[in-house]
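Summary of the model geometry
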There are 2 protein chains.
Amino acid sequence: MTSRPPVFVQPTQPFKPVPVLPEGDRFGTHRALEPAGALPQPAWRIDNDFSRLFRGEILLDVETLNIDAASFRQMEEAGTSGHSPADVGGGPVGQKVMETVATRGKQHNPVTGSGGMLLGRVAQIAPLADGKVARVHEGLSVGDRVATLVSLSLTPLRLDGITAVRAESAQLDVSGQAVLFESGSLVKLPHDMPERLALAVLDVAGAAPQVARLVKPEMTSVLVLGGGGKSGILCAAEARRKLGPSTGARRVIAVESYPRYADELRALGICDAVLGIDARDPVAMRRAVLEANDGREVDVTFSCVNVPDTEMAAVMATRDRGIVYFFAMSTSFTKAALGAEGVSKDVDLMIGNGYAEDHAAHTLAMMHEFPAIRALFETRYG
Amino acid sequence: MTSRPPVFVQPTQPFKPVPVLPEGDRFGTHRALEPAGALPQPAWRIDNDFSRLFRGEILLDVETLNIDAASFRQMEEAGTSGHSPADVGGGPVGQKVMETVATRGKQHNPVTGSGGMLLGRVAQIAPLADGKVARVHEGLSVGDRVATLVSLSLTPLRLDGITAVRAESAQLDVSGQAVLFESGSLVKLPHDMPERLALAVLDVAGAAPQVARLVKPEMTSVLVLGGGGKSGILCAAEARRKLGPSTGARRVIAVESYPRYADELRALGICDAVLGIDARDPVAMRRAVLEANDGREVDVTFSCVNVPDTEMAAVMATRDRGIVYFFAMSTSFTKAALGAEGVSKDVDLMIGNGYAEDHAAHTLAMMHEFPAIRALFETRYG
């Protein structure tokens, strides 16, 4: 890896701090308007008046909105069917975004229910009641360029204008402001990696830290379904690091049905076996995994395969009292629960939590610790 | 509790064992016919020829089918619209059941996708390849009256006739046979409690054993949502037992919005607080739970409330690095995952697994260990 110059410049215009009111809770219920007192995500409309802040909030000057892909597509389709995009910048999608934010105080697509995240700079940090800065805002300074790690669907946002829309990356360059609550999560963008790479990695920031927690020294085998995808590679690498070098005694086994991804994962040299099979066939998958693991079921399985009907394969490949951790949002709660019960598998079934303390720092650091993965990700997502 | 006489009598007719073939796997793929080699649950049709068994199987003489409530209702409705129930016993539902079992080799309702469970007697136990009896069949003898704990949707079944249909309990008395695989789960029905009570308790057999595993000596507070229902009471009782007597230092807090259930739970004296609030309001629930717990979030939450949109309340009441265990089948995987991420809650989210080793024995024993709960359950479900 060659070192790169900083990608971003510091802001030039000074900012006059706004007053901080003593009210406010860590979840942002103080900004819910319809209904009042609700959580900001389910609320229909939230308060985006940033002439004052509430304790624990952080105010950001917004530069770019990364819209959720499903939301962007829906707005593109709706926008081309009758609306006039002439009155605002950014065409039909820009108009939809301006409308939504004006109506709801947040970019929470009322059709898809989804949001996205944003890039911006720290404008002001409102302390807590004790005068201290919230734990999540420690180490941040005014002017820092940051990415938010909580959804736009719960982030108070005011837009003053839209300067560009990039359909290929579902991004809008905007001028405006946003607030994150104490329960919000954001990360300072690193200066030593391209922004696109950082965003791609942050998108799956929760995966590797959970692997680091769950893979214990006494375990001898870890299975990763969808091991060749972005989160799958990070999971496999973290499992390898926890289990130690590949000597055959402690195995990282991946399943990846897409041949190019499987080859790229093999080339990384972190897995003992990469199986090119379809995780929707639990019987075939179980057979292949047992064959790759001396006839034993694995200790823990991480499912990163965003395909329905793969719950049973994960359950059946895992030993009794082992763990099946589902990162994929396509996972069905009932299929996992009833599937395990149906074959009397005494496994712990876990719902992937995208948040873990310091997850962003952990995952960004992996781009330094695993240069071959960084090189692959730069090719794929850079 | 007064002791009761045995409810069931031993069978009288002798049974001639059938040959056992050397093939077979623990999951029953050897009996899948369409498609061959599949798991029996997703398979359209499975082999119900019991003139021979495969290794690890147990053959049962079936007496009663407990049909899943949704399935029974669907068959009642479909049956009254045009079919003639004259040609088989049991009316329209009986006819539907006979049709389904004849077509699929199992009582797997093709419309609802659900099954149920059955009551019967052990007719023959086929040993494993090493001549030993499978671990799950240890302690069982021919003639024992048993209940199955895996779904009828994956249980090979042959019906010879239907003798009664009881709509109020969604039960059919039948003559026929069924097979359970090595991965199946069944339990000997106790002689010292009424069958209806045993079945009601077995229906939620997985709950209390998971509580026993997850509540650790260092924990000081456990929350049970839906604490007044059947599984909620068992969870609260198990949590109390693990935390020790109610001195205020280590608290079991329950949420139960149905006033009668809340009163009955209070009368049991196992909870430090029973909160009569709606778990669909996460802000109000969090406030009430913190108030009942000296301002602290709880260590672990068990959600037994079978109502949508209660995931967030469970997440927000639980401390960082705590556990939220979802037993309710109404739980949404995405609402739990995105909800925790949205408020940056670093909690372990778990999918309730209805199976745990020895869960049936554990839960049936609670009817002796907690006589007040047994008395309440006999009133409610007996």
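Let's shift gears to the relation of the copies chain B and chain A. Placing chain B over chain A gives an RMSD of 0.0 Å and needs a rotation angle of 180 degrees, together with 0.0 Å of translation along the axis. The two molecules are tied by a two-fold rotation axis, judged by turn and shift. Across chain B, the smallest distance between a C-alpha and the rotation axis is recorded for Met 350 of chain B, namely 2.2 Å.

Between chain B and chain A, the residue contacts involve 46 residues of the former and 46 residues of the latter. Counting each side, the surface lost to burial between chain B and chain A is near 3900 Å², with a carbon and sulfur contribution of 64%. Run the count over chain B and chain A and you get two salt bridges. Salt-bridge contacts for Arg 213 of chain B lead to Asp 346 of chain A; the nearest nitrogen and oxygen are separated by 2.5 Å. Across the contact surface, chain B and chain A share twelve residue pairs in polar contact (both at pLDDT 80 or more). With eight residues, the single largest contributor to the side of chain B that touches chain A is helix α9 (residues 333-342) of chain B. Residues belonging to the side of chain B that touches chain A are distributed by class as follows: 25 nonpolar, twelve polar and nine charged. For strand β16 (residues 348-351) of chain A and strand β16 (residues 348-351) of chain B, the ladder comprises three bridges, and the chain directions are antiparallel.

All right, on to the confidence of the model for chain A then. All names here are of chain A. Scored by pLDDT, chain A has a mean of 92; 93% of the residues are at 70 or more. Below a pLDDT of 50 lies the segment residues 1-10, which in the model reaches 20 contacts outside its immediate sequence neighbourhood of four places, other chains included. In this model, residues 83-87 is a region of pLDDT below 50 whose contacts with residues beyond four sequence positions or in other chains number nine contacts. What the predictor reports for the complex is a pTM of 0.90 with an ipTM of 0.89.

Time to look at the pattern of salt bridges. All told, the structure shown has 62 salt bridges over all chains when counted by the stated rule. Here Arg 260 of chain A and Glu 264 of chain A are joined by a salt bridge, their closest N and O atoms 3.1 Å apart. On the criterion of helical spacing, the pair formed by Arg 260 of chain A and Glu 264 of chain A is a turn pair, its members being four residues apart in helix α6 (residues 259-268). On the basis of relative accessible area, Arg 260 of chain A is assigned to the partly exposed category, the value being 42%. Note that Asp 348 of chain B and Arg 321 of chain B form a salt bridge whose closest N and O atoms lie 3.5 Å from each other. Here the residue Asp 348 of chain B occupies a position in strand β16, and Arg 321 of chain B occupies one in strand β15 (residues 318-326), the gap between them amounting to 27 residues. Counted as one network, the salt bridges with shared partners bring together Arg 31, Asp 47, Asp 49, Arg 52 and Glu 57 of chain A.

Okay, the domain arrangement of chain A next. Accessible area lost upon the coming together of the parts is a frequently used measure of interface size. Residue and element names in this part refer to chain A. What the domain assignment reports for chain A is domain 1 (20-189) and domain 2 (207-381). With centres defined by C-alpha atoms, the gap from domain 1 to domain 2 works out at 33 Å. Summed over both partners, the interface of domain 1 with domain 2 buries about 330 Å², with 59% contributed by carbon and sulfur atoms. At the surface where domain 1 touches domain 2, the tally comes to two salt bridges. Counting across the interface, domain 1 meets domain 2 through one residue pair in polar contact (both at pLDDT 80 or more). In terms of residue class, the side of domain 1 that touches domain 2 is built from two nonpolar, one polar and one charged.

This paragraph deals with the sheet that holds strand β11 (residues 221-225) of chain A. The strands that make up a sheet are held in pairs by hydrogen bonds between backbone atoms, and each pair lies either parallel or antiparallel. The mixed open sheet is built from twelve strands, whose spatial order is β13(A)-β12(A)-β11(A)-β14(A)-β15(A)-β16(A)-β16(B)-β15(B)-β14(B)-β11(B)-β12(B)-β13(B). At either end of the open sheet lies a strand with only one pairing partner, and these are β13 (273-275) of chain A together with β13 (273-275) of chain B. Neighbour-to-neighbour, the strand axes of the sheet open up by a mean angle of 20 degrees, direction not taken into account. On the sheet, helix α7 (residues 282-292) of chain A packs against β11, β12 (251-255), β13 and β14 (298-303) of chain A and is oriented at approximately 155 degrees with respect to β12 of chain A.

Counting residues in each nonpolar core, the largest one holds 105 residues, and the members touching the most others are Phe 302 and Phe 377 of chain A together with Phe 302 and Phe 377 of chain B. Once residues within four sequence positions are removed from consideration, Phe 302 of chain B is found in contact with Val 211, Leu 214, Val 215, Val 222, Leu 223, Val 224, Leu 225, Tyr 325 and Phe 327 of chain B. Counting residues in hydrophobic clusters, the runner-up holds 64 residues, among them Ala 273 and Val 343 of chain A together with Val 298 and Val 324 of chain B.

What follows deals with the side chain of Gln 74 of chain A. As for its position among the elements, Gln 74 of chain A is in helix α1 (residues 69-79). Discounting chain neighbours no more than four positions away, the residues touching Gln 74 of chain A are Asn 109, Val 111 and Thr 112 of chain A.

Let us look at the environment of Lys 230 of chain B. All names here are of chain B. Tracing the backbone shows Lys 230 in helix α5 (residues 230-243). In this structure Lys 230 comes out as buried when scored by relative accessible area, which is 16%. Along the backbone, Lys 230 and Ile 373 are 143 residues apart, and their C-alpha atoms lie at a distance of 9.7 Å. Setting aside residues up to four positions removed in sequence, Lys 230 forms contacts with Ala 200, Asp 203, Val 204, Phe 377, Arg 380 and Tyr 381. A distance of 3.4 Å separates polar atoms of two side chains, one belonging to Lys 230 and the other to Asp 203.

What follows is about the sheet that holds strand β9 (residues 171-180) of chain A. All names here are of chain A. What the six strands build is an open sheet, ordered β8-β9-β5-β6-β7-β10; its pairing is antiparallel. Of all the strands in the sheet, the pair left with one neighbour each is β8 (157-166) and β10 (186-188). Direction aside, neighbouring strands of the sheet carry axes that sit 30 degrees apart on average. Direction of pairing for strand β5 (residues 58-67) relative to strand β6 (residues 116-125): antiparallel, over a ladder of nine bridges. Bridge pairing in β6 places Leu 60 opposite Val 122. Of the strands in this sheet, β5, β8 and β9 are in contact with α1, which crosses β5 at around 65 degrees.

Scoring rules and cut-offs
Residues numbered from 1 in each chain as written. Chains lettered and ligands numbered in written order. Predicted model: local features only at pLDDT ≥ 70, side-chain atom pairs only at ≥ 80, totals over all residues. Heavy atoms only, no water. Least-squares fit on C-alpha atoms with pLDDT ≥ 70 in both. Contact = heavy atoms within 4.5 Å. Buried area = accessible area lost by both parts, 1.4 Å probe. Salt bridge = Lys/Arg side-chain N within 4 Å of Asp/Glu carboxyl O. Polar contact = N/O pair within 3.5 Å; in protein donor to acceptor, adjacent residues only side chain to side chain. Helix = DSSP H or I, 4+ residues; strand = E, 2+ residues; numbered from the N terminus. Nonpolar A, V, L, I, M, F, W, Y, C, P; charged D, E, K, R; others polar. Pairing = 2+ DSSP bridges. pLDDT = per-residue confidence, 0-100. Buried < 20%, exposed > 50% of the residue type's maximum accessible area, 1.4 Å probe, protein only. Domains from an automatic or database assignment. Axes fitted to C-alpha atoms, helices over the stretch in contact; angles between N-to-C directions. Core = buried A, V, L, I, M, F, W, Y, C linked by side-chain atoms within 4.5 Å.

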